[in-house]
Amino acid sequence: MRRYLLLCVVLFMAVVSYGQDVILVKKGDAQSLLDAIKTASDRNRDRDSERIFILIPNGLYDLGEKALTRVAGNNIALIGQSMEGTIIRNVPSYKIESISKTAVLQNRGKGNYYQDLTLKNDLDYYASEPDGRAVCLQDKGDRTICNRVRMLSYQDTYYSDYEKCHNYFQGSEIHGTIDFICGAGDVWFERCTIVTEKRTRSGEGNNIIMAPRTSETKWGYVFNRCTIVNDVSPFYYGRGWHTRPSCVWLYTTLMTPEKLLPTRFDPEAMKISSNYFKEYGTMDAQGRDITPKSNVVTFTLRDHTQPFTAETIMTKEEAQQYTLERVFGWWQPQKILKELERESKRLKKQYQLQ
């Protein structure tokens with residue numbers, strides 16, 4: 001009898017513990033999702049808060065015109081059932097389109113983790129040409145990790161909006177047309193898929209993938225072993241936003257290399273006098289190295305003042321400087337990702353989200 005009572009107590013404590021650490025969202029219920037995010041954010045105001053998991057079953061979580069849903073707490077993990085099946089969507093009016101007003105989620109915490117879900121900004125992009133800034137994730141936090149996160153939009157899809165941030169993406173998929181990966185900080189993209197959509201309704205015009213504004217960090221954007229999928233509009237790797245933008249493309253696979261424009265980077269920057277834009281080890285779909293031996297570009301501002309010329313092809317020695325240890329120092333996002341992925345798998349099994 002005592003053994004039975006002891007077992008009941010242990011089981012009860014386990015249930016209470018999981019109830020404190022896990023919030024299970026009602027399937028397809030947007031309000032339940034919003035309530036979960038608010039509860040977790042309120043509870044984890046302290047940067048040293050214990051990790052809290054929000055489990056989100058497959059379904060459409062339609063936020064309507066609501067934008068800027070804040071994930072304001074720290075060490076919060078939003079875990080979907082699957083990247084394609086768990087969809088968080090909003091539809092802001094194109095009349096208020098803006099990089100700072102339209103985001104599906106606005107991350108404001110430290111150490112937050114996103115896995116196995118889709119963020120979709122359904123602003124009517126083609127009705128708002130030539131603008132249509134519609135953000136999926138506006139990240140004002142730090143040490144953010146996105147693991148198998150799909151972002152569907154057109155302009156300014158992912159916005160790293162903190163000058164000193166250090167963020168990490170792995171196995172994710174980001175769609176867009178112009179400047180759709182933009183912002184500040186050091187952000188590493190590992191084996192991600194970058195998908196360019198039609199630049200305009202007719203397909204005319206050129207796509208621009210990234211627009212960094214590196215100001216207070218050393219490395220900027222690092223794309224490592226990513227794949228660029230492009231079917232319609234020609235594209236540039238990117239252009240400079242302002243300050244001293246930095247971005248490198250390492251071992252990139254181009255599914256349609258003929259769509260990459262001749263200068264590879266847009267020679268017209270916005271608000272810069274210099275940049276560090278480089279590539280190394282670029283491959284075609286068959287894995288053949290198609291990196292030019294040299295690609296010298298003369299960059300200018302929009303008003304064609306202050307031109308400068310730069311080589312955009314890295315040497316092997318330059319490329320070898322880019323490691324996770326150098327970029328992030330003591331922070332080990334791959335290790336953290338593996339641990340959280342393992343815990344998420346266990347929780348999904350427990351809560352029958354498999």
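See the structure shown above.
Residues numbered from 1 in each chain as written. Predicted model: local features only at pLDDT ≥ 70, side-chain atom pairs only at ≥ 80, totals over all residues. Heavy atoms only, no water.

(A) How the structure looks around the environment of G132. If you trace the backbone, G132 turns up in the loop between β8 (113–121) and β9 (137–139). Taking relative accessible area as the criterion, G132 reaches 0% and is therefore assigned buried. Among all residues touching G132, those that are not within four sequence positions of it are E97, L123, Y125 and Q155. (Helix = DSSP H or I, 4+ residues; strand = E, 2+ residues; numbered from the N terminus. Buried < 20%, exposed > 50% of the residue type's maximum accessible area, 1.4 Å probe, protein only. Contact = heavy atoms within 4.5 Å.)

(B) Geometry of the sheet that holds strand β11 (residues 158–160). Pairing in this open sheet of seven strands is parallel, and the strands run β4-β7-β9-β11-β14-β17-β20 from one edge to the other. Each edge of the open sheet carries a strand with a single partner, namely β4 (69–71) and β20 (235–238). This sheet shows a mean twist of 20 degrees between the axes of neighbouring strands, independent of strand direction. As judged from the three bridges shared by β4 and strand β7 (residues 105–107), these two strands associate in the parallel manner. Bridge pairing links V71 to N107 in β7. Packing of helix α2 (residues 30–43) onto the sheet brings it into contact with β4 and β7, and relative to β4 it is tilted by some 40 degrees. (Pairing = 2+ DSSP bridges. Axes fitted to C-alpha atoms, helices over the stretch in contact; angles between N-to-C directions.)

(C) Local environment of the side chain of N224. Structurally, the position occupied by N224 is in strand β18 (residues 221–224). Leave out the neighbours within four places in its chain, and N224 touches W188, F189, E190, R191, L250 and Y251.

(D) Seen up close, the layout of surface pockets. The calculated volume of the largest pocket comes to roughly 210 Å³. Along the walls of the largest pocket sit 15 residues, with R133, Q155, D156, D179 and R239 positioned nearest its centre. Per element, the largest residue contribution to the lining of the largest pocket is three residues, and it comes from strand β14 (residues 178–183). Of the residues in the lining of the largest pocket, the class split is seven nonpolar, one polar and seven charged. Roughly 170 Å³ of internal volume is contained in the second largest pocket. (1 Å grid on protein atoms, 1.4 Å probe; cavity = no way out; pocket = protein on both sides within 12 Å on 5 of 7 lines; lining within 4 Å. Points joined across faces, edges and corners; volume = space filled by probe spheres on them. Nonpolar A, V, L, I, M, F, W, Y, C, P; charged D, E, K, R; others polar.)

(E) Spatial organisation of the pattern of salt bridges. Applying the stated rule across the entire model yields 20 salt bridges. Between D21 and R43 there is a salt bridge whose closest N-O contact spans 3.4 Å. With a gap of 22 residues between them, D21 in helix α1 (residues 2–21) and R43 in helix α2 connect regions that are remote in the sequence. A relative accessible area of 38% means that R43 is categorised as partly exposed. Counted as one network, the salt bridges with shared partners bring together D62, R89, K120 and D122. (Salt bridge = Lys/Arg side-chain N within 4 Å of Asp/Glu carboxyl O.)

(F) Broad picture of the packing of aromatic side chains. Taken as a whole, this structure holds 19 aromatic pairs when the rule is applied. Relative to F277, the ring of F265 lies with its centre 5.3 Å away and its plane at 20 degrees, an arrangement referred to as stacked. With F265 in the loop between β23 (253–254) and β24 (271–272) and F277 in strand β25 (residues 276–280), this pair connects stretches of sequence that are 12 residues apart. The burial state of F265 is the same as that of F277; both residues are buried. Ring plane angle 80 degrees and centroid distance 5.0 Å describe the contact between F328 and W331, whose orientation is recorded as edge-to-face. Like F328, the residue W331 is buried in the burial classification. Pairwise contacts between aromatic rings join Y158, F169, F189, Y221, F223, Y237, W249, F265, F277, F299 and F308 into one cluster. A cation sits over an aromatic face here: R213 above W241, 5.1 Å from the ring centre. Cation over ring: R225 sits above Y251, and NZ or CZ is 4.4 Å from the ring centre. (Phe/Tyr/Trp six-rings, centres within 6.5 Å; stacked < 30°, edge-to-face > 60°. Lys NZ or Arg CZ within 6 Å of the ring centre and 35° of its normal.)

Everything listed here is a matter of geometry and, on its own, says nothing about what the molecule does.
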